[in-house]
Amino acid sequence: MKTRIFFSILLTTVFTLLVASGAVIAMLYGQISTDMQYELLTEARYVARALNSGLRDLADIGRDAPHRITLIAADGRVLYDNSANTGDMASHDNRPEVRAALATGEGESSRLSDTLRLRTFYAAVRLQSGEVVRLASMTRGPLGLLTSSIPGIVGVLLLAIVAALYVARRLTRSLMEPVNAINLDDPLSNDTYDELSPLLLRLDHQNRRIIDQLKELTAKQRELDCITGQMAEGLIVIGSGKTILFANRSARSLFDALNRQDVASLHFMEVCRASGWLEAIEGAFAGRKEETRLSQRGRVYQLTASPAGEQEGKASAVILFLVDVTEREQAESMRREFAANVSHELKTPLTSIMGYAELLERGLARSEDVQGFAGRIRSEAARLLELIRDVITLSQLDEQDLRNRFTRVDLRALCDQVVDELAAKAEQHQVTLHCEGPSREVSGLKETLHELLFNLCDNAIVYNRPEGQVTVTVGGTEQSPMLTVADTGVGIPPEHQARIFERFYRVDASRSRADSGSTPGTGGGSGLGLAIVKHAARLHGARIELESRVGKGTTLRVIWPELPAGERDAAQASAAAGQ
Ligand code: ADP
């Protein structure tokens, strides 16, 4: 801008200067010519008058005269010249001023030199003698005048450049300073030169439009936040610059980087460095829908990256959807583990049955062994049956909604029944088994509660010592009943206590109930007994407490928490749903 102003001023100045100089030179030259001509003619008249009055020797005047004086005869011959030798001079009869003087009495003319640098003025007057006296004076021609003016013009030009620079600077500053100082937030409040008013008006108009659009955008953003904020799933939109355009509340809570106020300039690589995350997003930008698993904050997420705004196979944006699949993952892995365990548990008795059956089939068994082998086959088959039965029970507890089959169950009556059923086994293990406590009713499923109590008592007998005791107590209050099975057996080492409720977990496989003479058809020996107890308690909204000391015995309590009836039902419902 400054340069443009400078050159504009400079060009204008130079142009004006040249035109003005030309005009002045022309005018001056004209004026000088007129004056010179007039002066010369006046002087020629004086000289003529002097000659007419009797002055005979023209050399008296000619010697000191400032001009050239020539005396020409009527036939053109040069009679005298104060600055040249008359002998060398040609006839002057053809000179216009001489011819005019001979004809009219006076004549004037001027002639330029070949180079236009000099001009000679002539004035001639006819004497009474018929001769002509002529005065000549030489001055600068137009080019000569111009040449002599050049240093002055160049000087003025230099001055003009300096002045143009100075003015351009001042002008630029005075133009730009108010522009730079404009208050863009409120353009109309600026007090500046009038020419800026249209610009300020337009700025103000633009400001208002931007504010309106911002308001609209903020409202839409809020609406979007409101809708997506309720989503349990994470939603992230990545724009063409691979930066985050939007992240809902769930997504923000997953990644620290997204917790900042402004995520707009955040590159997706700054959010997470997991290879699955990077590959899924790059794949989606390449136009593919990608799915992967992502572990974040101790939970597992299903990440779906979908391309959006596709052009020529490339996406201009990517939409990410994150669904928490931790429970599903855990359930799947438990199911896989369970299936592997079940297959393993089935294999052992089946291999045994196959072995004995083969011996019998080939007639390799001695007759006195046949009964024993058949007995082993039967007991292994019973073990298989128990395992299958326990698996079925667990899967029912896992998957079926059994609460609609709940009835009132008296815990004391149930205890008496189980003690009766296990009396023979207790005797076999030389263990005293008895039940005490008042009648307590709970809402529940009788066969499941029976299974729970049976498994607890069965364990208490099996993991006991000869002459040991098992005491089943019904206690607690009406609102918070409690079942306790206490034995004086081997106890459970502390490091195993947290895990004994897991499926197929055994502290010492060699002491499992199957190997300790578990009665067929009574649900023991599969390693699933306490897992069934845990699920059965959950279904009934009860919790389990374990207390055990190695060599002293184990006490297991099933406690129904004190809750209003409605809440207990709800707790049982959620317990059932949470399985
Ligand atoms: P199992 O078929 O092996 O009895 P359970 O699930 O019923 O399977 O029990 C898991 C493990 O917990 C048992 O292997 C046993 O080591 C231990 N256990 C259970 N009850 C008792 C108890 N009353 N005393 C000592 N150990 C016990």
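Before reading on, note that the structure itself is shown above.
Residues numbered from 1 in each chain as written. Predicted model: local features only at pLDDT ≥ 70, side-chain atom pairs only at ≥ 80, totals over all residues. Heavy atoms only, no water.

Draft legend 1. A look at the nonpolar core. Judged by nonpolar contacts, the single largest core of 37 residues is most densely connected at L453 and V472. Among the elements that take part in this core, helix α13 (residues 446-462) stands out by supplying eight residues, more than any other. When residues no more than four places from it in sequence are discounted, the contact partners of L453 are L414, C415, V418, V472, L483 and V485. The next biggest cluster of nonpolar side chains, apart from the first, holds 28 residues, and it includes W277, A284, F285 and L294. (Core = buried A, V, L, I, M, F, W, Y, C linked by side-chain atoms within 4.5 Å. Buried < 20%, exposed > 50% of the residue type's maximum accessible area, 1.4 Å probe, protein only. Helix = DSSP H or I, 4+ residues; strand = E, 2+ residues; numbered from the N terminus. Contact = heavy atoms within 4.5 Å.)

Draft legend 2. Broad picture of the sheet that holds strand β15 (residues 481-487). Here five strands make up an open sheet; going across it, the order is β12-β14-β15-β17-β16 and the pairing mixed. With one partner strand each, in any of the chains shown, β12 (431-436) and β16 (543-549) form the two edges of the open sheet. Averaged over all adjacent pairs, the angle separating strand axes in this sheet is 10°, with direction ignored. Across seven bridges, strand β14 (residues 468-476) lies against β15 in antiparallel orientation. Across the sheet, V474 pairs through a bridge with L483, a residue of β15. (Pairing = 2+ DSSP bridges. Axes fitted to C-alpha atoms, helices over the stretch in contact; angles between N-to-C directions.)

Draft legend 3. Up close: the sheet that holds strand β4 (residues 118-126). The five strands are arranged β2-β1-β5-β4-β3 in an open sheet whose pairing can be described as antiparallel. The open sheet has two edge strands with one neighbour each: β2 (78-81) and β3 (106-112). The mean angle between the axes of side-by-side strands here comes to 20°, regardless of whether they run parallel or antiparallel. Bridge count for strand β1 (residues 68-72) against strand β5 (residues 132-140) is five bridges, and the pairing is antiparallel. Each bridged residue has a counterpart across the sheet, and for I72 the counterpart in β5 is V132. Here helix α3 (residues 96-104) sits on the sheet in contact with β1, β3, β4 and β5, set at roughly 170° to β3.

Draft legend 4. Looking closely at the pattern of salt bridges. Under the counting rule described, the total for this entry stands at 29 salt bridges. One salt bridge in this structure joins R299 and E327, with 2.9 Å as the shortest N-O distance. Pair noted here: R299 is in strand β9 (residues 299-311) and E327 is in helix α9 (residues 326-361), with a separation of 28 residues, a long-range link. Each of E386, R389, D390 and E451 takes part in salt bridges that share partners, so that together they form one network. (Salt bridge = Lys/Arg side-chain N within 4 Å of Asp/Glu carboxyl O.)

Draft legend 5. Local environment of helix α15 (residues 529-539). Burial runs high along α15: nine of the 11 residues are buried. Phi for G541, located one or two positions after α15, is positive at around 70°.

Draft legend 6. Summary view of the pairing of β2. Examined bridge by bridge, β1 and β2 share three bridges and lie antiparallel to one another. Each residue of the ladder has a partner; that of I72, found in β2, is V78. With antiparallel pairing between neighbouring strands as the criterion, β1 and β2 make up a hairpin whose turn holds five residues, including G76 at a positive phi of roughly 105°.

Draft legend 7. Fine view of the packing of helix α11 (residues 411-421) against α13. Look at α11 against α13: their axes get within 10 Å of each other, and the N-to-C directions meet at 50°. Taken as axis vectors, α11 and α13 run oblique relative to one another. Crossing hand, α11 versus α13: right-handed. Each of L414, C415, Q417, V418 and E421 in α11 lies in contact with α13, whose residues at this interface are K446, L449, H450, L453, F454 and C457. The class makeup of the residues in the contact of α11 with α13 is seven nonpolar, two polar and two charged. (Parallel < 35°, antiparallel > 145°, perpendicular 65-115°, else oblique. Left-handed = near helix turned anticlockwise from the far one by under 90°. Nonpolar A, V, L, I, M, F, W, Y, C, P; charged D, E, K, R; others polar.)

Draft legend 8. Region of the structure containing the state of the cysteines. Scanning all chains against the criterion turns up zero disulfides. There is no disulfide at C435, and the cysteine sulfur nearest it, in C415, is 4.2 Å away. Its relative accessible area of 13% is what places C435 among the buried residues. (Disulfide = S-S within 2.5 Å.)

Draft legend 9. Structural detail: the side chain of R134. Of note, R134 is situated in strand β5. Since its relative accessible area comes to 1%, R134 is described here as buried. Side-chain polar atoms of R134 contact the side chain of E97, separated by 2.8 Å. The contact partners of R134, leaving out residues within four places of it in the chain, are R68, I69, T70, I72, H92, R95, E97, V98, R111, Y122, A123 and A124. (Polar contact = N/O pair within 3.5 Å; in protein donor to acceptor, adjacent residues only side chain to side chain.)

Draft legend 10. Examining the packing of helix α10 (residues 367-399) against α15 more closely. With their axes 10 Å apart at the nearest point, α10 and α15 run at an angle of 25° to one another. One way to sum up the angle between α10 and α15 is to call them roughly parallel. Two packed elements cross with a definite hand, and for α10 against α15 that hand is left-handed. Residues D390, T393, L394, L397 and D398 of α10 lie in contact with α15, whose contacting residues are A531, I532, H535, A536 and L539. Broken down by class, the residue content of the contact of α10 with α15 amounts to six nonpolar, two polar and two charged.

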